[in-house]
Amino acid sequence: MPLTIVGDARPNTFEFETSALVKPSGFREYDARWWFGHPNSGVPPELNLIGVQALGMGLGTLIRRLGAGPDIVTGHDFRSYSLSIKLALVSGLMAAGARVKDIGLALSPMAYFAQFALDTPSVAMVTASHNENGWTGVKMGAARPLTFGPEEMSALKEIVLSGAFDLTGGGSYDFVSGFRETYLDDLVGDKRIARKLRVVAACGNGTAGAFAPEALERIGCEVIPLDVELDHTFPRYNPNPEDMRMLHAIRDKVLETGADVGLGFDGDGDRCGVVDNEGNEIFADKVGVMLARDISSQHPGSTFVVDVKSTGLFKTDAVLQANGAATDYWKTGHSYIKRRVAELGAAAGFEKSGHFFFNPPIGRGYDDGLVTAIAICQMLDRNPGRSMADLYRALPLTFGTPTMSPHCDDALKYGVVERVVSDFQAIQQAGEIFAGQKIVELVTVNGVRVVAEDGTWGLVRASSNKPELVVVVESPVSSERRRQMFDGVDALLRRSPEVGAYNQTF
């Protein structure tokens, strides 16, 4: 199949309807993500439906070569174009001999669950996750509960861009009806809470609106719905619980209704954001510390995996230390944390973005925003005399920032991060002062996390799924030290003219 790189085939042309358009940069570290196009955006697409079909041929080829066999689950999120993309993907999968089980409109964790429930090794979930409308992508795996990492993504990219497909034919298609109910029944199981919790369920008009309210009601919560009606125009804001607009909307609804907690879900339901009963937006890493305290009190000696964007409290919290908890800081990214949780047999893994991974008995190792929401409700149920704000206040005070993302082109961002790492290493080796203090530690497992003498730290890494960098800062000392660290990190970044404006700051 001839492949045309982005820029050579534009919509409303003969070439666009007859050639496969697949921009190479869409193959990212652990999933695939492309700009599919949006009316009046003026931005040319990076992928067309024939390109999606080629992706399906490549994926069908790859899962056989990996020894996973031909069986694969597929589903799609709630966007105006996701169903057509999924069907194009399915046609390519079938051409490569895949036996497709289609669960229909789904959350990503519902597709991961289907790998277990339908005894199917591989998965291809069509979703752009929390990306804005116009984006599409696929989350893939061939060894439950894991999803692809860089090695598999590189192999897939090579197969697709070279057209090296094994088109064996003999594929099949089976639509699995009623799987939403199967997933919800398993999710809820025998979980019930005795405490009468009033919970704001915020879905940003994304896919989770068809799942989250019912799941929470069935465990015994009184649900206050917020933007749960499915609307793929996302009329109020993008369903992203890391976005302050969504968190502020949840805060306002919590304060208006006197709810016990506000829970927000992203576009494909694998992340959960939290607002306490006093309207405080709790960043997901702090929620992770609260859950780690709860889990390690029941299971002393538990191991937790957290990403490098996360709070330093996982290492320093006295309660976790008393419970014998151990913490491993690892690469940001749902596939990386998921894999690390499996490797270490950890009780759970937490990402600052809101991806939480629970091993049995809580979950099956994959990220599910509804499993997280239920775990939070159960934590509150085990603390009947304490509010969510009480549990939050019980944590040692730190001064953190939201995740901040300055624009940087995909082709340039990794080079920028390499220069920043080198700059920090040079500063540390020279014993120079940075942001008011000496550098005592550089964590370079994923970008660079620079730690000062008083524990204040800043992180710079390349986003794995968008043309952006990622910047996070935290100080256990003061908001002034937080600002000082951010200004220092930002000044270093501004040495690179490729770095653009931030999407949000603090």
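In what follows, the structure referred to is the one given above.
One structure accompanies this document, and this report is about it. The structure presented is a predicted model; accordingly, all values stated were derived computationally and were not measured.

1. As for the packing of aromatic side chains
(1) Moving on: The final tally for this structure, using the stated rule, is 16 aromatic pairs.
(2) Moving on: Note on Tyr30 and Tyr336: the rings are 5.6 Å apart at their centroids and 80° apart in plane angle, and the pair reads as edge-to-face. Of the two residues, Tyr30 is situated in the loop between β2 (20-21) and β3 (32-35) and Tyr336 in helix α12 (residues 334-344); the sequence distance between them amounts to 306 residues.
(3) Moving on: Measuring from ring centre to ring centre gives 5.1 Å for Phe350 and Phe356, while their planes differ by 85°; the resulting arrangement is edge-to-face. For the pair Phe350 and Phe356, one class covers both residues: buried.
(4) Moving on: Ring-pair connections join several aromatic residues into one group, and the members of that group are Phe304, Phe314, Phe350, Phe356 and Phe358.

2. Some remarks on the packing of helix α2 (residues 49-65) against helix α5 (residues 150-162)
(1) Moving on: Between α2 and α5, the least distance of the axes is 9 Å, while the angle of their chain directions is 125°. When the axis of α2 is compared with that of α5, the two are oblique. For the crossing formed where α2 meets α5, the hand is right-handed. Contacts from Ala54, Leu55, Gly58, Leu59, Thr61, Leu62 and Arg65 of α2 reach α5 at Glu152, Ala155, Leu156, Ile159 and Val160.

3. Thoughts on the pattern of salt bridges
(1) Moving on: Applying the stated rule across the entire model yields 41 salt bridges.
(2) Moving on: Put simply, Glu152 and Arg339 hold a salt bridge, and the shortest N to O gap is 4.0 Å. Separated by 187 residues along the polypeptide, Glu152 in helix α5 and Arg339 in helix α12 bring together distant segments of the chain.
(3) Moving on: Between Asp317 and Arg293 there is a salt bridge; the shortest N-O distance is 2.8 Å. With Asp317 in the loop between α10 (313-316) and α11 (318-322) and Arg293 in helix α9 (residues 284-298), the pair connects residues that are 24 residues apart, well separated along the chain.
(4) Moving on: The exposure class of Arg293 is buried, given its relative accessible area of 14%.

4. Things to note about the sheet that holds strand β19 (residues 433-434)
(1) Moving on: Within the open sheet, the six strands sit side by side as β18-β23-β22-β21-β20-β19. Their pairing is antiparallel. A strand with exactly one partner marks an edge of an open sheet, and here the two such strands are β18 (399-400) and β19.
(2) Moving on: Relative to strand β20 (residues 437-443), β19 runs antiparallel, the two being bridged by two bridges. Looking at β20, one finds that Ile433 is bridged to Lys438.

5. Some words on the pairing of strand β12 (residues 272-276)
(1) Moving on: Summarising burial for β12: five of the five residues are buried, a large majority.
(2) Moving on: Neither face of β12 is exposed, since Cys272, Val274 and Asp276 on one face and Gly273 and Val275 on the opposite face are all buried.
(3) Moving on: Bridge count for β12 against strand β13 (residues 281-282) is two bridges, and the pairing is antiparallel. Looking across to β13, one finds that Val275 is bridged to Glu281.
(4) Moving on: Counting the residues between successive antiparallel strands, the hairpin from β12 to β13 contains four residues, one of them, Gly279, with a positive phi of roughly 90°.

6. Side note on the layout of surface pockets
(1) Moving on: Here the largest pocket defines a volume of roughly 550 Å³.
(2) Moving on: Here the second largest pocket defines a volume of roughly 310 Å³.
(3) Moving on: As for the second largest pocket, its lining consists of 17 residues, and the residues nearest its centre are Gly312, Tyr329, Arg449, Val451 and Trp457.
(4) Moving on: Of all the elements in the fold, those that place two or more residues in the lining of the second largest pocket are α10, β20 and β21 (448-452).
(5) Moving on: Among the elements that line the lining of the second largest pocket, the one with the most residues is α10, at three residues.

7. Quick look at the side chain of Asp317
(1) Moving on: Under the relative-accessibility criterion, Asp317 is labelled buried at 1%.
(2) Moving on: A polar contact is formed between the side chain of Asp317 and the backbone nitrogen of Leu320, at a distance of 3.1 Å.
(3) Moving on: Excluding residues that lie within four positions of it along the chain, Asp317 makes contacts with Arg293 and Pro396.

8. Looking at the nonpolar core
(1) Moving on: Core analysis: the biggest nonpolar cluster contains 69 residues, and Ile103, Leu216, Leu263 and Phe350 have the highest contact counts within it.
(2) Moving on: When residues no more than four places from it in sequence are discounted, the contact partners of Leu216 are Val199, Ala201, Cys221, Val223, Leu263, Ala373 and Cys377.
(3) Moving on: Core analysis: the next-biggest nonpolar cluster, separate from the first, contains 35 residues, Leu47, Ile63, Val138 and Met140 among them.

9. Structural notes on unusual backbone geometry
(1) Moving on: Each neighbour pair has its own omega, and for Arg144 with Pro145 the value is 5°, a cis peptide bond.
(2) Moving on: Within the secondary structure, Pro145 is located in the loop between β7 (135-141) and α5.
(3) Moving on: Of the consecutive residues Pro360 and Pro361, the connecting peptide bond is found in the cis state with omega at 15°.
(4) Moving on: Note on placement: Pro361 falls in the loop between β17 (356-358) and α13 (369-381).
(5) Moving on: Residue Asp119 is not a glycine yet carries a positive backbone phi of 50°.
(6) Moving on: For Asp119, the location among the structural elements is in the loop between α4 (108-117) and β6 (122-126).

Reading guide: rules and limits
Residues numbered from 1 in each chain as written. Predicted model: local features only at pLDDT ≥ 70, side-chain atom pairs only at ≥ 80, totals over all residues. Heavy atoms only, no water. Phe/Tyr/Trp six-rings, centres within 6.5 Å; stacked < 30°, edge-to-face > 60°. Helix = DSSP H or I, 4+ residues; strand = E, 2+ residues; numbered from the N terminus. Buried < 20%, exposed > 50% of the residue type's maximum accessible area, 1.4 Å probe, protein only. Axes fitted to C-alpha atoms, helices over the stretch in contact; angles between N-to-C directions. Parallel < 35°, antiparallel > 145°, perpendicular 65-115°, else oblique. Left-handed = near helix turned anticlockwise from the far one by under 90°. Contact = heavy atoms within 4.5 Å. Salt bridge = Lys/Arg side-chain N within 4 Å of Asp/Glu carboxyl O. Pairing = 2+ DSSP bridges. 1 Å grid on protein atoms, 1.4 Å probe; cavity = no way out; pocket = protein on both sides within 12 Å on 5 of 7 lines; lining within 4 Å. Points joined across faces, edges and corners; volume = space filled by probe spheres on them. Polar contact = N/O pair within 3.5 Å; in protein donor to acceptor, adjacent residues only side chain to side chain. Core = buried A, V, L, I, M, F, W, Y, C linked by side-chain atoms within 4.5 Å.

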